[in-house]
Amino acid sequence: MISAQEYQSRLASVQALIIREGLDALVLGASAQIDQRGSLRWLMDYYLSVYEECVVIRPEGAPVYFAHDGLAAFHAGNSPLRPEARVIPPHLYLSDPAAPVGDYLRSIRARNIGAAGTAGLSARFILSLNRQLDRPVRDISQKIAQLRMVKSPAEIAMAREAVHLNEESLWAYLKGARPGALESEALARGYAFAAGRGCEDQYWMVGSGNPAVISHAVLSLGRKHQWQNGDDSAVVIEVSGPGGYYGEVWQALKFGARDPELEAALAAVARSIQAAAEMIRPGNTVGQVAEAAEASLVKDGWAAPRTAREPAAPIGHGQGLDAWEIPSISADNTQIIEPGMRFNLHPGVVKKNGSRVSYCDCYISSDGAAERLSTLPYDVIYI
């Protein structure tokens, strides 16, 4: 787990950033989305369950937290940073939610205000905040994301556990997979297993048929697909373990007889991932990782060379307390790799019948070769 000292160190790094940016205060907010609420958890180990909330950080001193209700204020106030916790009055939450924040900023005579987490905050909150101030806030969300990008040893340990939980959840799902069974029943089995292991949030995508069209679990539950021999199938699992860190699995399945085309497609994807992983070294760029994956698929005949006008598509992403974090692993990303960065690699190809074939391998960059967190073999699972 993360120590209280590490949370204090994170606060200090944010306060140092505030000073470098010439700000009097930073409003760091979030909403309960699996790709947006991680900043609050990273800073103060506070799990944002439903409503958007924020914390105001000054160059020195304890933060002040603005919660939706008294229960949220209680939990935020008892987080490792022990911020002062205030409740946004109910009559303001829907009409002018940043009014208490504005009152506080004026009380400390803060004029140069930064904001972070803006992708997860509503337009209502941002507009309310701007009404409270005599000048626009400056968005430094990307710089906060940069602080979170390089993981600490404790975070890396939790990432290993999270990837392991995702793989175990796959095996639980597969116990319900057989011809004649419902895809939705296997999904429920996988959900229950992950929940029983203390997972905090779950994001599943599954799809089966000819072609297998992957969709969010809610759509899959309503589809009531009954597996039959000949089905292509794929399952994508991103669940967060105790402590909030995510892992990821993307696995190709086949019901019935061997499928040489599927095997060849997955083998090409695996070679692409391995070529990319070789480039995850300090001093290389993230773009070089994606370029290696693309070049491998072109060499194997599963992709056409990208034209000069064609935008670079990501073949993966970072991960941590959010299911999706920087770096976006695309050929145009010039970010220099440092030890401690998370790489989820999942390039894909398409079978002749339209089924998308991919696989997710999770890595952590180190001083030399990257550490592979995933342990599953690069094989089609036949059922």
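Further up the page is the structure itself.
The paragraphs below set out a description of the structure included in this document. (Residues numbered from 1 in each chain as written. Predicted model: local features only at pLDDT ≥ 70, side-chain atom pairs only at ≥ 80, totals over all residues. Heavy atoms only, no water.)

## Points about the side chain of D259
The criterion, for reference: Secondary structure follows DSSP: runs of H or I at least 4 residues long count as helices, runs of E at least 2 residues long count as strands, and numbering of each begins at the N terminus. Polar contact is defined as a pair of N or O atoms within 3.5 Å, subject to the rule that within protein one atom must be able to donate a hydrogen and the other to accept it, and that residues adjacent in sequence are counted only when both atoms are side-chain atoms. Pairs of residues are marked as contacts when any of their non-hydrogen atoms sit within 4.5 Å.
Here D259 is to be found in the loop between β10 (249-254) and α11 (260-278). There is a polar contact of 2.6 Å between the side chain of D259 and the side chain of K351. Sequence-distant contacts of D259, defined by excluding residues within four places in its chain, comprise D232, K254, K351 and Y382.

## A few points about the pattern of salt bridges
Rules: Just to be clear on terms, a salt bridge is a Lys or Arg side-chain nitrogen sitting within 4 Å of an Asp or Glu carboxyl oxygen. Each residue is placed in one exposure class: buried if its accessible area under a 1.4 Å probe, protein chains only, is under 20% of its type's maximum, exposed if it is over 50%, and partly exposed if it falls in between.
For the coordinates displayed, the defined rule picks out 27 salt bridges. Across the pair K351 and D232 runs a salt bridge, and its minimum N-O distance is 2.9 Å. Highlighted residues: K351 in the loop between β14 (348-350) and β15 (356-358) and D232 in strand β9 (residues 232-239), separated in sequence by 119 residues. For K351, a relative accessible area of 5% corresponds to the buried category.

## Some thoughts on the sheet that holds strand β11 (residues 316-318)
What counts here: When DSSP finds at least two bridges between two strands, those strands are taken to pair.
Ordered in space as β12-β11-β13-β16-β17, the five strands form an open sheet in which the pairing is antiparallel. Lying at the two open borders of the sheet, with one neighbouring strand each, are β12 (325-328) and β17 (371-372). Sheet analysis places strand β16 (residues 361-364) next to β17, joined by two bridges and oriented antiparallel. Its bridge partner being in β17, Y363 is matched across the sheet by R372.

## Describing the sheet that holds β9
Taken in spatial order, the five strands make up an open sheet running β8-β7-β9-β10-β18, and their pairing is mixed. Unpaired on one side and paired on the other, β8 (215-216) and β18 (381-382) mark the two borders of the sheet. Sheet topology note: the strand β7 (residues 202-209)/β9 ladder contains eight bridges and is antiparallel. By the bridge assignment, G209 is partnered in β9 with D232.

## Regarding helix α5 (residues 99-107)
Residues A99, P100, V101, G102, Y104 and L105 constitute the buried set of α5. Positive phi shows up at R109, right after α5, with a value of about 60 degrees.

Function cannot be inferred from these measures alone, as they are strictly geometric.
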